[in-house]
Amino acid sequence: MADEIGLFLYGIVPSDVEPTPDATGVGDPPGEVDVVRHGDLAVLVSEVGLEEPIGRPADLTAYQTLLDGTAEVAPVLPVRFGTVVTGPDAVVDLLKAHHDRFAAALDEFEDRTQYTVHGRFDEQQLISELLAENADAAALAEQVRGRPEIESREQRIRLGEMIAQAVELRREAENRALIDAVGELAVLHAPRQPSDELDAVNVAFLVGVDDEKEFVQVLEDFAEQRRDLIRTRLLGPLAPYDFVSAHQLVE
């Protein structure tokens with residue numbers, strides 16, 4: 001008996017968007033990307049077996065690659081990763097039911113794209129700065145230096161707590177400084193939760209295409225000023241994952 005086939009949904013786009021011939025979707029082997037249209041809206045889709053497990057790293061990469069590439073040429077509303085429907089009729093029903101909200105959101109994100117700034121502290125540099133600035137922490141570090149862990153357990157715990165608090169306070173300060181540095185070059189910003197205990201900055205920005213060049217320059221200056229303490233990455237242009245999704249508009 002042949003596997004039942006469904007449609008994996010990637011994102012909602014204007015109806016004139018066409019996938020490139022080399023666009024590939026999720027699955028093994030990767031599915032061919034197509035569009036289902038209704039009026040002035042469309043959804044990027046690919047066929048998947050309804051019993052096929054979806055969620056491999058390669059699937060998430062394919063999902064993001066397609067959406068990020070689309071966002072470079074057209075507005076796109078990401079659909080939650082892993083959303084599968086039974087066929088084209090279900091896609092059309094979705095577009096009919098929420099047409100006005102989808103259309104308004106696409107208009108809002110026209111000529112805007114997401115950039116994400118992620119930075120991580122250099123642990124040794126951060127601790128060196130803390131010990132230089134905090135006499136109590138420096139004293140604790142001296143007490144535990146060269147002593148067995150079991151004998152200095154209490155001091156080590158206190159020092160660890162002080163370091164964790166310093167990281168949190170410095171992270172808050174660096175995120176504020178980043179948002180202030182970008183200023184009006186970003187239409188919106190969305191602080192993100194740390195992905196690691198040493199995260200220094202993690203903020204998504206929605207940027208108009210006319211401001212992209214200046215935005216990137218500001219970020220390069222920000223990173224250069226902190227290069228000894230923070231290793232900073234700029235990710236983008238991306239689909240506006242942190243600012244809108246189709247699911248937010250229908251819930």
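Rules and cut-offs
Residues numbered from 1 in each chain as written. Predicted model: local features only at pLDDT ≥ 70, side-chain atom pairs only at ≥ 80, totals over all residues. Heavy atoms only, no water. Phe/Tyr/Trp six-rings, centres within 6.5 Å; stacked < 30°, edge-to-face > 60°. Helix = DSSP H or I, 4+ residues; strand = E, 2+ residues; numbered from the N terminus. Lys NZ or Arg CZ within 6 Å of the ring centre and 35° of its normal. 1 Å grid on protein atoms, 1.4 Å probe; cavity = no way out; pocket = protein on both sides within 12 Å on 5 of 7 lines; lining within 4 Å. Points joined across faces, edges and corners; volume = space filled by probe spheres on them. Nonpolar A, V, L, I, M, F, W, Y, C, P; charged D, E, K, R; others polar. Buried < 20%, exposed > 50% of the residue type's maximum accessible area, 1.4 Å probe, protein only. Pairing = 2+ DSSP bridges. Domains from an automatic or database assignment. Contact = heavy atoms within 4.5 Å. Buried area = accessible area lost by both parts, 1.4 Å probe. Salt bridge = Lys/Arg side-chain N within 4 Å of Asp/Glu carboxyl O. Polar contact = N/O pair within 3.5 Å; in protein donor to acceptor, adjacent residues only side chain to side chain. Core = buried A, V, L, I, M, F, W, Y, C linked by side-chain atoms within 4.5 Å.

Engineer: Would you mind showing me how to read the packing of aromatic side chains here?
Structural biologist: By convention here, two paired aromatic rings are described through the distance between centres and the angle between planes. Taken as a whole and assessed by the stated rule, the structure comprises seven aromatic pairs. Ring centres of Y115 and F215 lie 5.4 Å apart, and the angle between their planes is 45°; this geometry places the pair in the tilted category. With Y115 in strand β6 (residues 112-121) and F215 in helix α7 (residues 212-225), this pair connects stretches of sequence that are 100 residues apart. The structure contains a cluster of three or more aromatic residues connected by ring pairs, namely F8, Y10, Y63 and F81. A cation over an aromatic ring shows up here: R226 above the ring of F222, its NZ or CZ 3.8 Å from the ring centre.

Engineer: Looking at this model, I keep getting lost on the layout of surface pockets. Mind explaining?
Structural biologist: If you roll a probe as big as a water molecule over the atoms, it shows you where there is empty space left. Its volume calculated, the largest pocket comes out at about 280 Å³. Forming the boundary of the largest pocket are 15 residues, of which T20, A23, L66, G69 and T70 lie nearest the centre. In terms of residue class, the lining of the largest pocket is made up of seven nonpolar, six polar and two charged.

Engineer: What's the story with the pairing of strand β3 (residues 41-49) in this structure? I'm lost.
Structural biologist: A regular strand places its side chains on the two faces of the sheet in alternate fashion. Counting buried residues along β3, eight of its nine residues qualify, which places the element largely inside the surrounding structure. Pairing analysis gives nine bridges linking strand β1 (residues 5-14) to β3, with the strands arranged antiparallel. Looking across to β3, one finds that F8 is bridged to S46. The antiparallel hairpin formed by strand β2 (residues 33-38) and β3 contains two residues in its connecting segment, where G39 sits at a positive phi of about 60°.

Engineer: How do you make sense of the domain arrangement of the chain when you look at a structure like this?
Structural biologist: It is common to give the size of an interface as the accessible area that goes away when the parts come together. Taken domain by domain, the chain holds domain 1 (5-110) and domain 2 (113-247). The C-alpha-based centres of domain 1 and domain 2 are spaced at 34 Å. Taken together, the contact pairs 16 residues of domain 1 with eleven residues of domain 2. Ranking the residues of domain 1 by area buried against domain 2 places D68, P78 and F109 at the top, with a combined share of 48%. Joining domain 1 to domain 2, the criterion identifies zero salt bridges. Where domain 1 touches domain 2, the interface holds three residue pairs in polar contact (both at pLDDT 80 or more). Elements with a contribution of two residues or more to the side of domain 1 that touches domain 2: α1 (57-71), β4 (77-78) and α3 (99-108). Per element, the largest residue contribution to the side of domain 1 that touches domain 2 is five residues, and it comes from α1.

Engineer: How should the environment of L219 be read in this particular structure?
Structural biologist: As for its placement among the helices and strands, L219 is situated in helix α7. Sequence separation of L219 and R233 is 14 residues, and the distance between their C-alpha atoms is 9.3 Å. What L219 contacts, discounting residues up to four positions off in sequence, is V117, L178, V182 and L234.

Engineer: Is there a simple way to explain the nonpolar core in this structure?
Structural biologist: Inside soluble globular proteins, nonpolar side chains tend to come together where they are buried. Core analysis: the largest hydrophobic core is formed by 24 residues, its most contacted members being L7, L9, I12, V43, L77, V91 and F102. Breaking this core down by element, the ones donating at least two residues are β1, β3, α2 (88-97), α3 and β8 (199-208). Among the elements that line this core, the one with the most residues is α3, at four residues. Looking at which domains feed residues into this core, each of domain 1 (5-110) and domain 2 (113-247) gives three or more. Among the nonpolar cores identified, the runner-up in size contains 19 residues, and V17, V33, L44 and V76 belong to it.

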